[in-house]
Amino acid sequence: MKKRMLGKRLTGWLILTLVLSLIVASCSSGSGSGNKDAEPASVSIMYWSEMGFNQDFGIAFYATHPHIDVQVIDSSSVLFNQDGGDYNEMMDEFIREKQPDILMLSQEQYEKYAAEGRIVSLESFVTRDKFDLEGMIPGVVDLLREKGGGELYGLSPTFTSRAIYYNKDLFDRFGIEYPTDRMSWEDLFNLAARFPTDGSDEDRIYGLSIGTTDLHQIGQQIGGTMGLRLVNPADKRVSLDTDSWVRAYEIALNAIRSGTLYQEDYSDFPSGMSYQDFLLRDPFIAGKVAMSLNHSYLLEQIREAANSSPDRAVKNWDIVTLPVDPANPDFSYEFSLGNIYAINAESPNREAAWEFIRYIHSDDYARVKSKSFNGQFPIRTKYIEDKEGRNLSAFYALKPSGHTLYDGIADLPGNFYMQYFTIGTEEMQAVLNEEKTVREALASMQTRLQAALDEELAKQKNESGADSNQDPAGAADEGASAAE
């Protein structure tokens, strides 16, 4: 049932995108990059699939740039055929083999490729064409330049983020002041705790929903806001037994014990449920929680519910920013760029590649994408607006920090995060059972995770050594060592 609903929505979105793209193309015909007299060119780009590319970029680009022939290099094989291999290594091998003109990179790949000289600086293109960077989300270009060692090597046309949605009617009913931008986690939890906690689960109002009531997961979120890390990338030492991590988990523990957090239930989806009822299962849409820390896709779901179930869906609502670290109140680790597009340093088609990158980050393209919102915002703030005047700037008012809780994890054995999740959940359950203090649980987490990590690293080293002994050079080295 959910697949059918998703298929219908995607089909509708695709049709809307195509129509809007063609309208824009017809309006811009004969201007700028759509010049019929332009020299024919070709460019190749890596993407998840050709159909996905056409849906997201291709139709509009083909219509406005008829002189450029685009070849899509399907990279889905790497995504779906890893067979336990390292994704980053496989993608790196794919790029070296296929050599697309335009690379589609994660932030981590972007930083690595820029440092290795494998992508082209865009600075000269930007300067030559007077390309407008000022209209983009504050901090994004700065972040990309930081990750590029001081130069801009790529751009991303979209971003996602989270924010705090709040129900004005519930705040008014209980005489509680509205939330504000840049609250701390403690401020948010204290505000949520002002709502009553009595009544049955069916009837009561909850102060806050953050998608989980799991102590380990909430502690992670708070620690991420505080700029904490799990592992020191330099020496691969787990760092959890600290005062800062203790504080993060104790804030989470107090929030759980307050009884103000909504308990999510993902298990019961009755057969034959209508899409309207599916939407109303969300506690914020249904008016069961005063605040919800949620993703941007909830915007569209609220609007759909308001149209299909106007008497049952939340009506009077607004948005404020995510909680912040009071010591660093202008930054958020939750801000997530979409794919970053960069020009392969090996490309013989740099001008055509830049033409594509310039277009998908242009004002015209952002205007098109803003009409077909699918949970991702265009990178240009001009086209992020709400007709009813709601505070959508809450999704981008905080600058991306450039650092996350998981920095350095990509260089660790692939099962490290799963071990972190499993061990962390076990240890924090002991806290909830009052068998351990937060500090004792974190100390145990650190000891157990470090032992597991050291074991995996040693195993990798041994396997690497075994591989090197299989080649002639390795065998020669081994023989020389034995002779000595």
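The structure under discussion appears in the preceding block.
Predicted model, so just to flag it, every value in this text is computed and none were measured. Residue positions are counted from 1 within each chain, in the order its sequence is given. Confidence filtering applies because this is a predicted model: local features only for residues at pLDDT of at least 70, side-chain atom pairs given and counted only at 80 or more, and all residues used for totals across whole chains, interfaces and linings. In computing side-chain properties, one takes all heavy atoms of the structure into account and sets aside hydrogens as well as water.

> How should I be thinking about the environment of His65 in this particular structure?
By the criteria applied, helices consist of DSSP H or I runs no shorter than four residues and strands consist of E runs no shorter than two, each listed in order from the N terminus. Topologically, His65 is positioned in the loop between α2 (50-64) and β2 (68-74). Classification of His65 as buried rests on a relative accessible area of 1%. Residues His65 and Ala352 lie 287 residues apart in sequence; the distance between their C-alpha atoms is 10.0 Å. Categorising residues by exposure relies on relative accessible area from a 1.4 Å probe, with only protein chains included: less than 20% of the type maximum marks a residue as buried, more than 50% marks it as exposed, and the intermediate range marks it as partly exposed.

> Just to check I follow, could you spell out a nonpolar patch on the surface for this structure?
A cluster of nonpolar side chains, Tyr406, Tyr417, Met418 and Phe421, forms an exposed patch at the surface whose accessible area comes to about 370 Å². Phe421 gets classed as partly exposed once you look at its relative accessible area, which sits at 32%. Like-charged residues are merged into a patch within 9 Å and nonpolar side chains (Val, Leu, Ile, Met, Phe, Trp, Tyr) within 5 Å, provided each residue has over 30% relative accessible area and no salt bridge. Areas reported as accessible are Shrake-Rupley estimates using a 1.4 Å probe. Residue values count occlusion only from the protein chains shown. Only one rule defines a salt bridge in this text: a Lys or Arg side-chain nitrogen within 4 Å of an Asp or Glu carboxyl oxygen.

> What is the right way to look at the side chain of Arg390 in this model?
On the secondary structure map, Arg390 appears in the loop between β15 (377-378) and β16 (399-400). Among the residues examined, Arg390 registers a relative accessible area of 14% and is labelled buried. A 3.5 Å cut-off defines polar contacts: any pair of N or O atoms within that distance qualifies, except that in protein one atom must be a possible hydrogen donor and the other a possible acceptor, and neighbouring residues in sequence count only when both atoms are side-chain atoms. Here Lys315 takes part through its backbone oxygen, which lies 3.4 Å from a polar atom of the side chain of Arg390. A polar side-chain atom of Arg390 sits 2.9 Å from the main-chain carbonyl oxygen of Trp317.

> Before we go on, may I ask you to explain the packing of aromatic side chains in this structure?
A ring pair, where both rings are aromatic, is described by two values, the distance of the centres and the angle of the planes. Stacked, edge-to-face and tilted labels apply to pairs of Phe, Tyr and Trp rings (six-membered ring for Trp) whose centres lie within 6.5 Å, assigned for plane angles under 30 degrees, over 60, and everything in between, in that order. Scanning the entire structure with this criterion turns up 29 aromatic pairs. A centroid spacing of 6.0 Å and a plane angle of 55° characterise the contact between Tyr417 and Tyr420, whose relative ring orientation is tilted. Here Tyr420 and Tyr417 lie together in helix α16 (residues 416-432), a separation of 3 residues that amounts to about one turn. Note on Tyr420: relative accessible area 1%, which makes it buried. Through a chain of ring-to-ring contacts, the aromatic side chains of Tyr47, Phe53, Phe57, Phe61, Tyr62, Tyr341, Phe356, Tyr359 and Tyr365 assemble into a single cluster. The ring of Tyr206 carries Arg204 above its face, with NZ or CZ at 3.7 Å from the centroid. Charge-over-ring contacts are defined here by two conditions on Lys NZ or Arg CZ: a distance within 6 Å of the ring centre and an angle within 35 degrees of the ring normal.

> I tried to follow the packing of helix α11 (residues 243-257) against α16 on my own but got confused; where do I start?
Pairs of packed helices are described in terms of their axes, by the angle between the two and the distance that separates them. Every axis corresponds to a line fitted to the C-alpha atoms, with the helix fit spanning only the stretch in contact, and the corresponding angles, defined between N-to-C directions, vary from 0 to 180 degrees. The geometry of α11 relative to α16 is characterised by a closest axis approach of 12 Å and an angle of 55° between their N-to-C directions. Judged by the angle between their axes, α11 and α16 are oblique. As α11 packs across α16, the resulting crossing turns out to be right-handed. Residues Tyr249, Leu253, Ile256 and Arg257 of α11 touch α16, and the partners they reach there are Tyr420, Met428, Val431 and Leu432. For this scheme, ten residues count as nonpolar: Ala, Val, Leu, Ile, Met, Phe, Trp, Tyr, Cys and Pro. Four count as charged, namely Asp, Glu, Lys and Arg, and the remainder, Gly too, count as polar. Of the residues in the contact of α11 with α16, the class split is 7 nonpolar, no polar and 1 charged. Oblique is the label for any angle not under 35 degrees, not over 145, and not in the 65 to 115 range, which are roughly parallel, roughly antiparallel and roughly perpendicular in turn. Crossings are sorted by hand: turned counterclockwise from the far helix by less than a right angle, the near helix makes the crossing left-handed, and turned clockwise it makes it right-handed. We call two residues contacting when some pair of their heavy atoms lies within 4.5 Å.

> Whenever I open this one, α11 confuses me. Can you help?
Side chains that are three or four residues apart share a direction in an α-helix, a result of its 3.6 residues per turn. Between its terminal C-alpha atoms α11 stretches 21 Å, which fits the 21 Å expected from 15 residues at 1.5 Å a residue. Buried residues of α11: Trp245, Val246, Ala248, Tyr249, Ile251, Ala252, Leu253 and Ala255, and no others. Residue Gly259 follows α11 closely and has a positive phi angle near 75°. A helix's residues, less one, multiplied by 1.5 Å, set its expected span.

> Honestly, the pattern of salt bridges in this entry has me stumped. Any pointers?
Side chains bearing opposite charge may pair, as long as their charged atoms lie close to each other. Summed over the entire model, instances satisfying the criterion amount to 27 salt bridges. For Asp92, the salt bridge goes to Arg96, with nearest N and O atoms at 3.1 Å. One end of the pair is Asp92 and the other is Arg96, both in helix α4 (residues 87-98) and 4 residues apart, which spans about a single turn. Classification of Asp92 as buried rests on a relative accessible area of 14%. When its relative accessible area of 48% is taken as the criterion, Arg96 is described as partly exposed. With its nearest N and O atoms 2.8 Å apart, the salt bridge here joins Glu351 to Arg128. Of this pair, Glu351 sits in helix α14 (residues 350-360) while Arg128 sits in helix α6 (residues 123-129), and the two are 223 residues apart along the sequence. For Glu351, a relative accessible area of 43% puts it in the partly exposed group. Here the salt bridges share partners, and the residues they tie into one network are Asp92, Arg96, Lys112, Glu116 and Arg118.

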